[in-house]
Amino acid sequence: MTLAPERSRNSTAPGESEQPVRPAHPRVGYQPWIMAAGTVLATGGASLSLNGVMRGWAWYLPLLTTVLVVAGVMALLRSLRARPLVVTAGGLAALVAILTLTFFRGTAVAGFVPTGQTLSALEGLLQRAGETVLSESTPVAPNAGIVLLACAAVGVLVVLLDALAVPLGMPATSGIAILAILVVPAMLKPQSVGWLAFLLAAAGYLVILSCSQWYDTGARLAGDTVRNPGQTRRTALIGAAALATTLVLPTAIPGFDTGSFPQGSRLNAWGTGNGLNPMITLGNSLRAPTGSGRITYGTTAGTAPYLRSVTVDSFSGESWGPDDRGAARQAGTSRIQQGTVLPPELKRSVTKISPGNFSSPYLPVPYAPESVEGLNGQWGWDPLTLSIRSSDTNTRGQQYTVVSSMPELTADLLARSTRPPDGVAADFTTVPADVPEIVRSTADSVAGFTSSPFAKALAIQTYLRSGDFTYSLDTPARAGYDGNGLSVLADFLGQKSGYCIHFSSAMAVMARVQGIPSRIAIGYAPGRLTGETMTVAGVEGVSQYEVDSRDAHAWPELYFEGLGWVPFEPTPSRGIVPSYATSSSAAPGSPQSLENDDALDAPAATAPAPTPSSSAVPLPGGGTSPGAGPGAGPWLAALGGVLGILLLGVTPRTIRGAVRASRLRAGRDGPAAGITAAWTELEDLGTDYGVPPQLSETPRNYTGRLRGTGVLGEPGGMDDAGHQAVLALTSDYETTVYGPPEANPEPAVAGTHVSGVDAASKQAAGRIAAVQEALRANATRPAQLRAGWIPPSTLRHMARFAAAPLHGTAVLVRLTAKATVRSWEGARDGLRRLRQG
């Protein structure tokens, strides 16, 4: 069989019609969409790291929608060849539209055009977001205000990234926009960014760098083209080296444990941080499926005490904040003096504490500490709250002994403390003017009719522990009031569901409204026995207790003149109600002594001193028992099986086999269709085994390379059957594409067409099988596995298939715009003719 004379596929011989040629560059319509895909991958991937800054994943869908809409609109405008300034303005307009549609649909025209009411609603959400930022620590509740800020910030960064990469011609600088997203979790999360978010952001950044050359108007070398394989390899090599350096190098650099951002000195992709956040949000610790930051201790007090780390007392009108009176702190912990008048009879106890890996600048101790021995580093205590904090170290690895003292409190003793507080700092008594009306009215209705401070305190505690309220870690997050601002407190009193911080905040604020000084203590509820013993202050055989992040707790402390700060427990199902605060021990004549308060008696009865247990306590508000109803396990297993079957059906291997079978049947549409399909299959086989066709190659040049005897001198090795099959396929394809059409084809005899088609299909299938076998026999084992299971040709077609709808949409919009313009011009000309006539 003789091959046709070699001829360039990019030229037309005299006297012949122009033949189809391969495009020299990627289609222009794909370029903006690939750039948009890189932008979405970079910003959307980097935004994954915000999980942990914001709680849960409910915020991610609106954020990703914002990114997709803004990037998509800019890609559409660029595909329509709009000016750079118009593209940027369109991106900002799309950002405003999608934010309006997502958050202010009810106040907008057509759902996405803002109005004056939209601006008023925006002001309310921004105020709510400000309260959350000021009052909560990470992870914050994803209420509408916070999600709006996140979507707006990331949307602006998408526009900035695009502007830097394309119109300004500074693609490398566009990484600033990605870094702006990653720096937030790097500074705020103990886990830092996380490896997945970093990898996706880096991959998107590399795509942006690769695509930016399409918009580079400067001169470059002829070989420096988009499809230059050397450039692709260099880009991948540089990116891989930078990524490896970023992940490996920090492991050799020591981090820091003090300063503004502890644990923030390195990209901590796999590690986790342990430590109780001193801010008021404890939900993240309580929701943890397994406890972290284990603390063990033994005490001579007889029962496990609350461990108190820090108090929250300063109230700005918008949020509670931790005490941070650094200038007033007293250095040293060998002698700690209470600044309040106490009765002479005090009960003292000694507690030996080992924080282990728990890391915090605040020291957990039983209240009220008189001295702490055995600490390393510089520690100081606040005279107003007795909280202990270090200026140069933390609790990790420390082991210390605390001497504490408290009055022997009884209900009768508290009931006789009726004198107004004297000498209490304004931090504990100030009631902001903007306290919500529901807080004032509830405090007045619950405790306004009582006379003594203790009776008021018991009335508030009884109300919050009543059956009207439920303990829940999930309701505040779902309803958007997880936090501690005043507006959050109003929502809590309306919903009557929350966890310790909501109950303790409600009691503290309501007590202040009733004239009782108050503050919130942050620390740990009484622990559980480990089954081991230890020696404390020379006493052997003292039971050892343990707590971890799941025991994190908040409770109110109220001030009574002559007795000092007294703890209460308003949170149902958490902690232990003190003996002086139960209904059975209420002062004579108080409302609690006249009622059978099961809400108070029940917790006291069900919360005795802890008993030995080697397992962790169940999470409060946890799920139902195993026998409560049908489990989801069988349904999940069945769903997983169905998804597994579906995934097997869409693997590259199965797709490749289906495509090959379809091509080999293409001869039913005519000989030309069958020959063209067989040639396409030959090109894909070469691509799968590492010999893809080049844009400027003729069919003969390509098959010469494929057989190993071409002008580029690749090593050969095909057997004779493979050689003959390649030659036959090449000859048929050249004759079909470049040869003259058949002048007078003879009509087919009835019944012979089907048999002829079948014979041609079998012949094509045999030739393809021979080529495949020859390529496989001369390929290495890794190349064989790649061609069989992850064929590059299939991946290339899948990428084109994914981009095709975007390109088709752009073409449709472009044609629609042209048709609209032409219709408008026709209507205008018609009106002009009517006026002239």
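Definitions and limits used
Residues numbered from 1 in each chain as written. Predicted model: local features only at pLDDT ≥ 70, side-chain atom pairs only at ≥ 80, totals over all residues. Heavy atoms only, no water. Core = buried A, V, L, I, M, F, W, Y, C linked by side-chain atoms within 4.5 Å. Buried < 20%, exposed > 50% of the residue type's maximum accessible area, 1.4 Å probe, protein only. Contact = heavy atoms within 4.5 Å. Helix = DSSP H or I, 4+ residues; strand = E, 2+ residues; numbered from the N terminus. Expected span 1.5 Å × (residues − 1). Pairing = 2+ DSSP bridges. Axes fitted to C-alpha atoms, helices over the stretch in contact; angles between N-to-C directions. Salt bridge = Lys/Arg side-chain N within 4 Å of Asp/Glu carboxyl O. Arc of directions from axis to C-beta. Parallel < 35°, antiparallel > 145°, perpendicular 65-115°, else oblique. Left-handed = near helix turned anticlockwise from the far one by under 90°. Nonpolar A, V, L, I, M, F, W, Y, C, P; charged D, E, K, R; others polar. Phe/Tyr/Trp six-rings, centres within 6.5 Å; stacked < 30°, edge-to-face > 60°. Lys NZ or Arg CZ within 6 Å of the ring centre and 35° of its normal. pLDDT = per-residue confidence, 0-100. Patch = residues over 30% accessible without salt bridge, like charges linked within 9 Å, V, L, I, M, F, W, Y side chains within 5 Å. Areas by Shrake-Rupley, 256 points an atom, 1.4 Å probe, with all protein chains shown as cover.

1. A few points about the nonpolar core
Inference 1: Counting 66 residues, the largest nonpolar core has Leu-464, Phe-492, Phe-560 and Phe-568 as the members making the most contacts within it.
Inference 2: Residues in contact with Phe-568, not counting those within four places in the same chain, are Phe-454, Ala-457, Gln-461, Met-507, Trp-555, Pro-556, Leu-558, Phe-560 and Ala-581.
Inference 3: Of all hydrophobic cores here, the second largest spans 48 residues; its members include Ala-75, Leu-148, Val-159 and Ala-177.

2. Some remarks on helix 15 (residues 500–513)
Because an α-helix completes one turn every 3.6 residues, residues spaced three or four positions apart along the sequence face the same direction.
Inference 1: Taking 1.5 Å of rise per residue, 14 residues should cover 20 Å, and helix 15 covers 20 Å from first to last C-alpha, within 8% of that figure.
Inference 2: Here helix 15 lies mainly inside the structure; 14 of its 14 residues are buried.
Inference 3: Looking at the residues trailing helix 15, positive phi occurs at Gly-515, about 90°.

3. Observations concerning the environment of Pro-142
Inference 1: Here Pro-142 shows up in the loop between helix 4 (116–135) and helix 5 (144–165).
Inference 2: For the pair Pro-142 and Ala-58, spaced 84 residues apart in sequence, the C-alpha to C-alpha distance is 7.4 Å.
Inference 3: The contacts of Pro-142, once residues within four sequence positions are left out, are Arg-55, Trp-59 and Val-147.

4. Side note on the sheet that holds strand 5 (residues 346–354)
By way of backbone hydrogen bonds, the strands of a sheet pair with one another, either parallel or antiparallel.
Inference 1: An order of 6-9-5-1-14-13 is seen for the six strands of this open sheet, with the pairing classed as antiparallel. With partners counted over all chains shown, the strands left at the sheet margins are strand 6 (369–373) and strand 13 (528–536), one partner each. Shown here is a sheet whose adjacent strand axes are inclined to one another by a mean of 30°, direction ignored.
Inference 2: Two strands pair when backbone bridges link them, and strand 1 (residues 295–299) and strand 14 (residues 539–547) are joined in this way by four bridges, in the antiparallel orientation. Among the inter-strand pairings, Thr-296 is bridged to a residue of strand 14, identified as Glu-546.

5. Some thoughts on the pattern of salt bridges
Inference 1: Inspection of the entire model under this criterion finds 16 salt bridges.
Inference 2: In this structure, Arg-78 engages Asp-162 in a salt bridge whose closest nitrogen and oxygen atoms are separated by 2.9 Å. Linking Arg-78 in helix 2 (residues 60–79) with Asp-162 in helix 5, this pair joins segments that are 84 residues apart in sequence.
Inference 3: Where Asp-412 meets Arg-416, a salt bridge forms, and the shortest distance between an N and an O atom there is 3.0 Å.
Inference 4: Overlapping salt bridges bring together Arg-294, Arg-528, Glu-546, Asp-548, Arg-550 and Asp-551 as one network.

6. Some words on the environment of Val-147
Inference 1: Positionally, Val-147 belongs in helix 5.
Inference 2: Owing to a relative accessible area of 7%, Val-147 belongs among the buried residues under this scheme.
Inference 3: In sequence terms Val-147 and Ala-58 are 89 residues apart; their C-alpha atoms lie 9.2 Å from each other.
Inference 4: The contacts of Val-147, once residues within four sequence positions are left out, are Trp-59, Pro-62, Phe-103 and Pro-142.

7. Points about unusual backbone geometry
Inference 1: Between Tyr-367 and the following residue, Ala-368, the backbone shows a cis peptide bond with an omega angle of -5°.
Inference 2: Structurally, Ala-368 is set in the loop between strand 5 and strand 6.
Inference 3: Residue Lys-496 is not a glycine yet carries a positive backbone phi of 60°.
Inference 4: Within the secondary structure, Lys-496 sits in the loop between helix 14 (486–495) and strand 11 (497–498).

8. Some details on helix 11 (residues 437–447)
Inference 1: Among the residues making up helix 11, those that are buried are Val-439, Thr-442, Ala-443, Val-446 and Ala-447. An end-on view of helix 11 places all buried positions within 100° of arc, on one side of the element. Looking at helix 11, the residues exposed on the side facing more than 90 degrees away from the buried face are Glu-437 and Ser-445.
Inference 2: The elements touched by buried residues of helix 11 are helix 12 (453–464), helix 14 and helix 15.

9. Side note on the packing of helix 3 (residues 84–103) against helix 5
Inference 1: It is the contact of helix 3 with helix 5, at a shortest axis distance of 10 Å, that shows an interaxial angle of 165°. The orientation of helix 3 with respect to helix 5, classified from their angle, is roughly antiparallel. Along this stretch, helix 3 crosses helix 5, giving a crossing that reads as right-handed. Touching Val-87, Thr-88, Gly-91, Leu-92, Leu-95, Leu-99 and Phe-103 of helix 3 are Ala-144, Val-147, Leu-148, Cys-151, Ala-152, Gly-155, Val-156, Val-159, Asp-162 and Ala-163, all from helix 5.
Inference 2: Of the residues belonging to the contact of helix 3 with helix 5, the class tally is 13 nonpolar, three polar and one charged.

10. Topic: the packing of aromatic side chains
Aromatic ring pairs are reported here in terms of the distance separating the ring centres and the angle at which the planes meet.
Inference 1: This structure, assessed with the given rule, holds 18 aromatic pairs.
Inference 2: Between Tyr-297 and Tyr-545 the ring centres are 5.7 Å apart and the planes differ by 25°, which places this aromatic pair in the stacked class. Residue Tyr-297 is located in strand 1, and its partner Tyr-545 is located in strand 14; the two are separated by 248 residues in the primary sequence. Side by side, Tyr-297 and Tyr-545 carry an identical accessibility label, which is buried.
Inference 3: Considering the side-chain rings of Trp-679 and Tyr-733, the 4.6 Å spacing of their centres and the 10° angle between planes classify their relative orientation as stacked. On the criterion of sequence distance, the pair formed by Trp-679 in helix 19 (residues 671–688) and Tyr-733 in helix 21 (residues 720–738) is long-range, its members being 54 residues apart.
Inference 4: The exposure class of Trp-679 is buried, given its relative accessible area of 2%.
Inference 5: Assessed through its relative accessible area of 10%, Tyr-733 is described here as buried.
Inference 6: Among the aromatic side chains, those forming a connected cluster through ring pairs are Phe-454, Phe-560, Phe-568 and Tyr-580.
Inference 7: Over the ring of Trp-565 we find Arg-519; its NZ or CZ atom is 3.9 Å from the centre of that ring.

11. A short note on the pairing of strand 1
Inference 1: Of all five residues making up strand 1, five are buried, and the element is well covered by its neighbours.
Inference 2: The side-chain alternation of strand 1 yields two buried faces, one formed by Ile-295, Tyr-297 and Thr-299 and the other by Thr-296 and Gly-298.
Inference 3: Here strand 1 pairs with strand 5 via four bridges, running antiparallel. Its bridge partner being in strand 5, Gly-298 is matched across the sheet by Lys-352.

12. Some details on the confidence of the model for the protein
Inference 1: With 67% of its residues at a pLDDT of 70 or more, the protein has an overall mean of 75.
Inference 2: By mean pLDDT, helix 16 (residues 598–606) is the weakest element of the protein at 36, and helix 12 is the strongest at 94.
Inference 3: When the criterion is pLDDT under 50, residues 253–280 qualifies, and its contacts beyond four places in sequence or with other chains add up to 73 contacts.

13. What to know about a nonpolar patch on the surface
Inference 1: A cluster of nonpolar residues, Leu-101, Val-109, Phe-112 and Val-113, forms a patch on the protein surface that exposes about 310 Å² of accessible area.
Inference 2: Counting through the fold element by element, Val-113 comes out in the loop between helix 3 and helix 4.

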